[in-house]
Amino acid sequence: MPSEKFKYIESTAVPLNIENVDTDQIIPARFLKATTREGFGENLFRDWRFDKNDLPIAEFVLNNKNYSGSILVAGKNFGSGSSREHAAWAVHDHGFKVVVSSFFADIFKNNSLNNGVLPVQVSNDFLSLIFDEIERDHDANLSIDLENQEIGLLSSGKKESFEINSYKKECLLKGYDDIDYLLNIKDKIETFEKSQ
C-alpha cells in the first residue's frame, strides 16, 4: 500500500520518556485480531492510557492535552519484543509520522519504514536535549529533514544527522511501498532480463 511522500516536517512532539518500550506495550496482544491496518491507533499504549474500567489515565502523556503533534519522542530501546507489525500500524494509525529514540529494535524499525513511519535514531545526548526542550516548552517544534537526514530543535537551532537505509529513504521520499518501487524500475528489470 503506497504511503504519503515524506520529505520534511515541522511539528510539536509527544514525549514518552520511558525506556525499553516493547511491542506488547505499544499494542497489547488482545488487539491483534484485525488483519487490516485501520483502527489500531485507538489502542496504542492501551494499558497505559486506560484503566481497567476503560477510563483515561490522566497522567499518561497521550492523555495530556498539553502535548500533541505528529512526532513521538521515546526513551532508549523502543519497539523491542515480538515482531508484530501491528505495533507500527498502531503508531501510524494514531497519527505519528516520526518516532525519535536513541535506539530501536531492528524489526520494529523495519516494520515502521515499511508502513510510512520514519524512525529517527539520535544520540543519547540529543535525545536528552529534546526531552528537556519539550519539558520547558510543550509547544517546542522539531524539524525532520529526510532529504538531508537531519533532525533539529527549532528554538535553539541545534541539529543532528541520522542514518537511514538508502532504499527505504527513496521509498519514503517517493511514497512507494516495495511493489511501487519495483513497478517504477520495471523497464530496467526488463532490460536486464533481455541482456541475460
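What comes next concerns the included structure.

Definitions and cut-offs
- Residues numbered from 1 in each chain as written.
- Predicted model: local features only at pLDDT ≥ 70, side-chain atom pairs only at ≥ 80, totals over all residues.
- Heavy atoms only, no water.
- Pairing = 2+ DSSP bridges.
- Helix = DSSP H or I, 4+ residues; strand = E, 2+ residues; numbered from the N terminus.
- Axes fitted to C-alpha atoms, helices over the stretch in contact; angles between N-to-C directions.
- Contact = heavy atoms within 4.5 Å.
- Buried < 20%, exposed > 50% of the residue type's maximum accessible area, 1.4 Å probe, protein only.
- Salt bridge = Lys/Arg side-chain N within 4 Å of Asp/Glu carboxyl O.
- Core = buried A, V, L, I, M, F, W, Y, C linked by side-chain atoms within 4.5 Å.
- Parallel < 35°, antiparallel > 145°, perpendicular 65-115°, else oblique.
- Left-handed = near helix turned anticlockwise from the far one by under 90°.
- Nonpolar A, V, L, I, M, F, W, Y, C, P; charged D, E, K, R; others polar.

### Considering the sheet that holds strand β8 (residues 159-161)
Okay, so step 1: As summarised here, the arrangement of the four strands in space is β1-β6-β7-β8, forming an open sheet in which the pairing is antiparallel. In this open sheet, the two strands that pair with only one neighbour each are β1 (8-11) and β8. The mean inter-strand angle of the sheet, taken between neighbouring strand axes irrespective of direction, is 15 degrees.
Okay, so step 2: Of the pairings in the sheet, the one linking strand β6 (residues 142-145) to strand β7 (residues 150-153) comprises four bridges and is antiparallel in character. Along β7, the bridge assignment pairs I144 with I151.
Okay, so step 3: Sheet contacts for helix α5 (residues 124-136): β6, β7 and β8; angle to β7, the most-contacted strand, approximately 35 degrees.

### With respect to the sheet that holds strand β3 (residues 71-74)
Okay, so step 1: Within the open sheet, the four strands sit side by side as β2-β3-β4-β5. Their pairing is parallel. Every other strand in the sheet has two partners, leaving β2 (13-16) and β5 (118-121) as the edge strands with one partner each. Pairs of neighbouring strands in the sheet enclose a mean axial angle of 20 degrees, with direction left out of account.
Okay, so step 2: Pairing between β3 and strand β4 (residues 98-101): three bridges, direction parallel. The residue bridging I71 from the neighbouring strand is V98, located in β4.
Okay, so step 3: In the packing of α5 onto the sheet, the strands contacted are β2, β3 and β4, and the crossing angle to β3 comes to about 115 degrees.

### Focus on the side chain of N111
Okay, so step 1: Tracing the backbone through its elements, the reader meets N111 in helix α4 (residues 106-114).
Okay, so step 2: In this structure N111 comes out as buried when scored by relative accessible area, which is 12%.
Okay, so step 3: Ignoring anything within four residues of it in the chain, the contact list for N111 reads S83, R84, E85 and A88.

### Some thoughts on the pattern of salt bridges
Okay, so step 1: One pass over the full model with this rule turns up five salt bridges.
Okay, so step 2: Between R84 and D24 there is a salt bridge whose closest N-O contact spans 3.0 Å. Of this pair, R84 sits in the loop between β3 and α3 (86-94) while D24 sits in helix α1 (residues 23-26); the two residues are 60 residues apart in sequence, bridging distant segments of the chain.
Okay, so step 3: Where R136 meets E133, a salt bridge forms, and the shortest distance between an N and an O atom there is 2.9 Å.

### Brief notes about the nonpolar core
Okay, so step 1: Judged by nonpolar contacts, the single largest core of 50 residues is most densely connected at F45, V73, F78, V100, L118 and I144.
Okay, so step 2: Looking at this core, the element that brings in the most residues is α5, giving five residues.
Okay, so step 3: Residue contacts for F78: discarding those within four places in its chain leaves L16, V21, I26, F45, L72, V99, S101, F103, F104, A105 and F108.

### Observations concerning the packing of α3 against α4
Okay, so step 1: In contact at an axis separation of 8 Å, α3 and α4 are set at 50 degrees when each is read in the N-to-C sense. Our classification of the angle between α3 and α4 gives oblique. Of the two elements, α3 crosses α4, and the hand of that crossing is right-handed. Only F108, N111 and S112 of α4 make contact with α3, whose side of the interface consists of A87, A88 and V91.
Okay, so step 2: Here the residues of the contact of α3 with α4 are counted per class, giving four nonpolar, two polar and no charged.

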